[in-house]
Amino acid sequence: RVPQVQPRAEELSELYRELSQHPGLSTACLGPDLTTQYGGKYCSLYTEWLQRDLARAENIKFCRQYLIFHDGASIVYSGPAGTCSEIKGELLSRESPSGTLKAVLRKVSGKEKEKEKQFLEVWDQNRKVKSIDLTALDKHGSVYDDDQFGCLAWSHSETHLLYVAEKKRPKAESFFQSKAPELGTSDEDTGHPKKEDAPVKVGPPHPGSDGGWLCGCGADRAMPQGEQFVYQDDWGETLSTRSVPVLCVLDIEGNSISVLEGIPEHLSPGQAFWSPEDTGVVFVGWWHEPFRLGLRHCTNRRSALFYVDLTGGKCELLSEDTRAVWSPRLSPDGCRIVYLENNVLGPHQQCSRLRMYDWYTKHTSTVLDTVPRQAWGAFPGIYCGALPGMCWAADSRRILLDTAQRSQQDVFVVDTATGTTTSLTADAPQGSWSVLTINRDLLVARFSTPSCPAMLKVAILPIAGHEAQTQWICLQDAPPVPGISWNIRTLQPPPEQEHPQYGGLDFDAILMRPSEGPTAQKPPLVVMPHGGPHTVFTAGWMLYPAALCRVGFAVLLVNYRGSLGFGQDSVASLPGNVGTQDVRDVQLCVERVLQEEMLDASRVALVGGSHGGFLACHLIGQFPDTYHACVVRNPVVNIASMVASTDIPDWCLTEIGLPYKPDALPDPAQWTEMLHKSPMRYVDQVRAPVLLMLGEDDRRVPPKQGLEYYRALKARGVPTRLLWYPGNNHALAGVEAEADGFMNMALWLLKHLQC
């Protein structure tokens with residue numbers, strides 16, 4: 001047999017360097033409409049992109065601007081304005097409602113041994129007009145720049161900025177701290193708060209407003225001795241520096257910063273914005289008692305929508321307090337707030353409800369409910385991590401969102417008054433569509449496919465009732481990567497593998513294969529089940545699968561039952577059946593593809609991370625004759641040993657089919673069930689060589705999981721290798737770790753599949 005691919009390490013690294021240079025489109029912002037001397041209208045489009053810089057071993061962010069000429073009904077001309085430029089130090093940025101000002105949160109490296117500083121800047125159209133050293137003011141800890149709690153919101157009057165920061169903690173003292181002799185009775189000597197730390201009144205947001213906003217300082221200075229090493233609970237994976245968030249307000253004219261009072265102590269606030277008329281602040285509050293559970297990718301944490309009145313400090317509940325809510329968005333007319341809602345606990349991600357709160361009638365309605373079964377031609381349900389930051393149409397009646405629809409992602413417009421939905425991408429190319437922003441009915445979106453990196457698309461949203469006529473224009477093209485073909489396959493489990501309660505469910509897989517090279521030779525197959533387990537592969541650009549395909553492998557991305565985008569019944573079918581239903585779905589897909597496609601059945605490998613690693617380890621143990629190599633990234637291998645060390649102990653119980661209670665301890669039968677459903681049960685049957693990649697800072701699936709599997713394989717004489725990545729968490733997304741991971745993965749597969 002003549003090997004199909006024999007690239008050297010240098011060729012692999014050059015291929016990875018080439019493909020990793022394709023940037024990803026992250027954000028977009030539309031400027032105000034301007035009028036030309038001839039009466040035509042145009043606006044600027046500001047975009048931000050992310051790109052891996054292998055030489056610097058970091059992700060760089062750059063911006064590019066475009067001009068869009070339109071007549072309100074169609075786009076007359078659009079094109080780039082100037083070249084790209086790198087953005088340095090920006091953590092958050094936000095345009096003011098009028099588009100004349102821009103707020104920027106910036107980090108600046110300190111001199112020599114000084115710690116990194118944070119500045120809050122205000123820019124107008126010509127210059128920087130304000131630069132506030134937040135670190136020097138010392139009113140709070142670091143400002144949150146994440147997408148879970150973080151925000152940077154302008155008041156409607158454009159005189160104040162709202163953001164979230166860590167609550168200030170006084171410096172702890174040892175029992176044996178040396179103290180200078182007391183020479184006086186100043187505030188500083190006595191430990192009493194200084195005058196500037198007393199509660200302050202923030203001035204009115206606009207002329208004619210009476211009364212101030214009740215705010216306070218960050219924290220008292222005095223702290224009892226012996227508090228140095230008290231444990232501070234945090235929000236888990238990627239949020240380990242988030243513990244006690246507070247809402248903060250910058251008075252731009254007064255150059256003063258205040259911390260809002262009135263937030264109940266059992267809540268962690270975030271995702272905040274100004275209420276209509278700037279009378280208060282609306283925010284999402286997450287319950288953190290009795291302790292915090294991991295929040296990243298967990299849209300099932302108890303939370304609610306609140307309003308704090310800044311004239312009196314009263315905090316009011318706006319939504320049900322027994323649900324999980326997130327992504328509140330205020331309509332342009334200030335009358336309605338839409339937000340997403342899930343049940344508390346259960347699967348971490350699921351089909352969500354779209355709810356709407358009327359600001360003036362105080363009435364809450366369900367715009368879109370969960371969808372039990374996905375059906376083509378009908379709305380599939382909402383399966384998105386967040387609504388776009390700007391999602392409302394100009395009529396304050398329709399909103400835009402993107403959601404998984406089986407193995408692709410599409411854009412929909414939702415009429416909040418009637419609950420009707422219309423796809424804006426039904427007649428567009430198949431792939432993965434994401435809404436970036438909409439403003440004055442100018443719509444900006446990102447589009448990609450497994451063989452084509454991110455492209456920038458723009459359109460004008462037609463009037464209500466004619467949305468299906470949306471015409472997309474490509475503003476920034478990305479040439480397809482040669483040598484990759486792909487298609488989506490649908491599979492139906494055999495009758496004996498049907499779920500007793502949720503029968504009739506099917507699932508998908510995306511098959512990518514090399515389209516160049518000798519056609520007579522069968523390529524080896526790499527099988528990739530996704531993590532989660534309640535996530536989904538959509539037909540968009542993915543670096544690892546594309547690179548493996550260019551190396552010469554066919555790649556099978558399996559969306560087994562339990563994946564998002566197929567209806568809530570599919571999600572609900574998996575808990576209690578992990579290790580069996582999902583494993584059988586992947587194996588069925590592999591066997592079917594090997595029967596129907598020109599692939600080499602003697603050279604099949606597995607690659608998976610997290611729950612995908614859980615499935616890969618199950619498959620090499622349950623079906624040792626099928627697979628000849630395996631690569632896993634931060635895999636779950638033993639649920640019983642993971643439950644006490646992960647930031648998501650509820651996942652361990654939910655996915656094996658048991659209820660989670662914070663105060664309950666598993667009994668012996670439950671411990672047995674956890675082990676019974678774990679890949680470790682089948683380790684004696686593993687023969688395929690296994691490469692493990694572990695993130696030292698992983699809070700979700702702690703690296704001891706992978707170490708446990710590594711030692712079990714080594715003890716049984718199975719060829720295995722372990723890569724340990726310091727400074728990397730669950731995603732292993734550091735530029736250096738990601739690049740090294742690909743090289744080791746590709747070389748491992750080439751070696752053990754004898755390519």
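Residues numbered from 1 in each chain as written. Predicted model: local features only at pLDDT ≥ 70, side-chain atom pairs only at ≥ 80, totals over all residues. Heavy atoms only, no water.

Attention shifts here to the overall build of the protein chain. What the protein chain contains, in helices and strands, is 12 helices and 38 strands. The C-alpha atoms of the protein chain give a radius of gyration of 27 Å, which matches the 27 Å a tight globule of 755 residues would have. Here the C-alpha coordinates of the protein chain stretch approximately 85 × 75 × 55 Å along the principal axes. Looking at the protein chain residue by residue over its 755 residues, the buried ones come to 56%. A sequence separation of at least 24 residues applies to 63% of the contacts in the protein chain between residues at least 6 apart. Element-wise, carbon and sulfur atoms account for 50% of the exposed surface of the protein chain, whose accessible area totals about 32000 Å². Charge separation in the protein chain, taken as the distance between the mean sites of 70 positive and 87 negative side-chain charges, equals 4 Å. (Helix = DSSP H or I, 4+ residues; strand = E, 2+ residues; numbered from the N terminus. Rg over C-alpha atoms; globule rule 2.2 N^0.38 Å. Buried < 20%, exposed > 50% of the residue type's maximum accessible area, 1.4 Å probe, protein only. Contact = heavy atoms within 4.5 Å. Areas by Shrake-Rupley, 256 points an atom, 1.4 Å probe, with all protein chains shown as cover. Lys, Arg positive; Asp, Glu negative; His and termini not counted. Charge placed at Lys NZ, Arg CZ, Asp CG, Glu CD.)

What follows deals with the sheet that holds strand E33 (residues 525–529). Spatial ordering of the open sheet is given by E31-E32-E34-E33-E35-E36-E37-E38, a layout of eight strands whose pairing is mixed. Here the strands that pair on one side only, and so sit at the sheet edges, are strand E31 (484–491) and strand E38 (720–725). Between one strand axis and the next, the sheet turns through 15 degrees on average, direction left out of account. Strand direction decides the pairing type here: strand E35 (residues 604–609) and strand E36 (residues 629–633), joined by five bridges, are parallel. Looking at E36, one finds that Gly 608 is bridged to Val 632. Together, E31, strand E32 (507–514), E33, strand E34 (554–559) and E36 form the strand contacts of helix H4 (residues 543–551), whose direction differs from that of E32 by roughly 45 degrees. Along the sheet, helix H7 (residues 611–622) contacts E33, E35, E36 and strand E37 (690–695); its crossing angle with E35, the most-contacted strand, is approximately 150 degrees. (Pairing = 2+ DSSP bridges. Axes fitted to C-alpha atoms, helices over the stretch in contact; angles between N-to-C directions.)

A few words on the UniProt feature "domain: Acylamino-acid-releasing enzyme N-terminal" (unreviewed entry) in the protein chain. Feature annotation in UniProt places "domain: Acylamino-acid-releasing enzyme N-terminal" (unreviewed entry) on residues 46–192 and 231–475, given in this structure's numbering. The distance from the first to the last C-alpha atom of residues 231–475 is 51 Å, and the span holds 0% helix and 46% strand. (UniProt positions renumbered as here; feature names shortened; annotations may be inferred.)

In this section: the sheet that holds strand E19 (residues 315–317). Strand order in the open sheet formed by four strands is E16-E17-E18-E19, and the pairing between neighbours is antiparallel. Of all strands in the sheet, those bounded by a partner on one side alone are strand E16 (267–274) and E19. Adjacent strand axes in the sheet meet at a mean angle of 35 degrees when their direction is disregarded. For strand E18 (residues 303–309) and E19, the ladder comprises three bridges, and the chain directions are antiparallel.

Another aspect to go through is the packing of aromatic side chains. This model, assessed by the stated rule, comprises 15 aromatic pairs. Measuring from centroid to centroid gives 5.1 Å for Tyr 16 and Phe 742, while their planes differ by 25 degrees, and the two rings are stacked. Note that Tyr 16 is positioned in helix H1 (residues 9–20) and Phe 742 in helix H12 (residues 735–752), a separation of 726 residues in sequence. Taken as a pair, Tyr 16 and Phe 742 share a single burial class, namely buried. Taken together, a centroid distance of 6.3 Å and an interplanar angle of 5 degrees make the contact between Trp 49 and Phe 62 stacked. In this pair, Trp 49 is assigned in strand E3 (residues 41–53) and Phe 62 in strand E4 (residues 58–70), connecting sequence segments 13 residues apart. Take Phe 62: its relative accessible area is 10%, and that puts it in the buried class. Put simply, the rings of Tyr 144, Phe 149, Trp 235 and Trp 286 touch in pairs and so form one group of aromatic residues. Looking at Lys 102, its charged tip hangs above the ring of Tyr 46, at a distance of 4.2 Å from the centre. (Phe/Tyr/Trp six-rings, centres within 6.5 Å; stacked < 30°, edge-to-face > 60°. Lys NZ or Arg CZ within 6 Å of the ring centre and 35° of its normal.)

On to the packing of helix H6 (residues 581–596) against H7. With their axes 10 Å apart at the nearest point, H6 and H7 run at an angle of 70 degrees to one another. Of the possible angle classes, the one that applies to H6 and H7 is roughly perpendicular. Where H6 approaches H7, its residues Asp 582, Val 583, Val 586 and Gln 587 are matched on the opposing element by His 611, Phe 614, Leu 615, His 618, Leu 619 and Gln 622. Its residues assigned to classes, the contact of H6 with H7 comprises five nonpolar, four polar and one charged. (Parallel < 35°, antiparallel > 145°, perpendicular 65-115°, else oblique. Nonpolar A, V, L, I, M, F, W, Y, C, P; charged D, E, K, R; others polar.)

Moving on, we get to the pattern of salt bridges. Under the defined criterion, the tally for this structure stands at 40 salt bridges. Among the ionic pairs, Lys 61 bridges to Glu 48, the shortest N-O distance being 3.9 Å. Within this pair, whereas Lys 61 is found in strand E4, its partner Glu 48 is found in strand E3, the two being separated by 13 residues in sequence. The buried category is assigned to Glu 48, whose relative accessible area is 7%. (Salt bridge = Lys/Arg side-chain N within 4 Å of Asp/Glu carboxyl O.)

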